[in-house]
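Read off the chains here:
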Amino acid sequence: MLRKLVESMRERLDADATFEPGNKDLTNVVGYGHLGDGNLHLNVTTREFDPDVFSQIEPYIFERVSSMKGSISAEHGVGRAKAEYLHMSKSENTVQLMRAMKQLLDPNGVMNPYKMFPAD
C-alpha cells in the first residue's frame, strides 16, 4: 500500500517515471520508512525549489492518509506547520483529550514546546 502512495504521488505531480534529465523539474519521488509500524517518509526532489510542486504535496498526502485511517504525526507530535491538519486523522474528542493530557503532564509547557494543537 505504501508503494502505491509513492506511485500515485508521482502521477499526481505528473512526473515521468524514468526521471531522465530534461523531462521535468521533478527529479525523484521515493518512499522509505519503518516497515514494522507502517510509517512512510516521502521524499520529493526537484532541480530547484518549486512552490507549485510543494503546494501539491501536503494536501494530497493528508487526504490519502485520512482516507486510509492513518495519522499525520508520530511519537514526536505535531509542529506549527502541521497543526491545522490534525483534524484529518484525529477526532475533536481525541484532540481535546490530548490537550488535557498535555496540560496535566506539562502545565508550564516546557516539554516539546514547539509541538502544539490547532487553534480552537
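Everything quoted here is computed from the prediction, not taken from an experiment.

The subject of this paragraph is the pattern of salt bridges. Across all of its chains, the model carries one salt bridge by this definition. Among the salt bridges present, the one from Lys102 reaches Asp106, with a minimum N-O distance of 2.6 Å. On the accessibility criterion, Lys102 (27% relative accessible area) is partly exposed. Taking relative accessible area as the criterion, Asp106 reaches 5% and is therefore assigned buried.

We now examine the packing of aromatic side chains. The tally for this structure, following the rule as stated, stands at two aromatic pairs. For the pair Phe49 and Phe54, a centre-to-centre distance of 5.8 Å together with 50 degrees between the ring planes defines the contact as tilted. The exposure classification of Phe49 matches that of Phe54, with both residues exposed.

Looking now at the side chain of Ser8. As for its position among the elements, Ser8 is in helix H1 (residues 2–12). Within the structure, the side chain of Ser8 is placed 3.0 Å from the backbone oxygen of Leu5, a separation counted as a polar contact. The contacts of Ser8, once residues within four sequence positions are left out, are Tyr60 and Arg64.

Thresholds applied
Residues numbered from 1 in each chain as written. Predicted model: local features only at pLDDT ≥ 70, side-chain atom pairs only at ≥ 80, totals over all residues. Heavy atoms only, no water. Salt bridge = Lys/Arg side-chain N within 4 Å of Asp/Glu carboxyl O. Buried < 20%, exposed > 50% of the residue type's maximum accessible area, 1.4 Å probe, protein only. Phe/Tyr/Trp six-rings, centres within 6.5 Å; stacked < 30°, edge-to-face > 60°. Helix = DSSP H or I, 4+ residues; strand = E, 2+ residues; numbered from the N terminus. Polar contact = N/O pair within 3.5 Å; in protein donor to acceptor, adjacent residues only side chain to side chain. Contact = heavy atoms within 4.5 Å.

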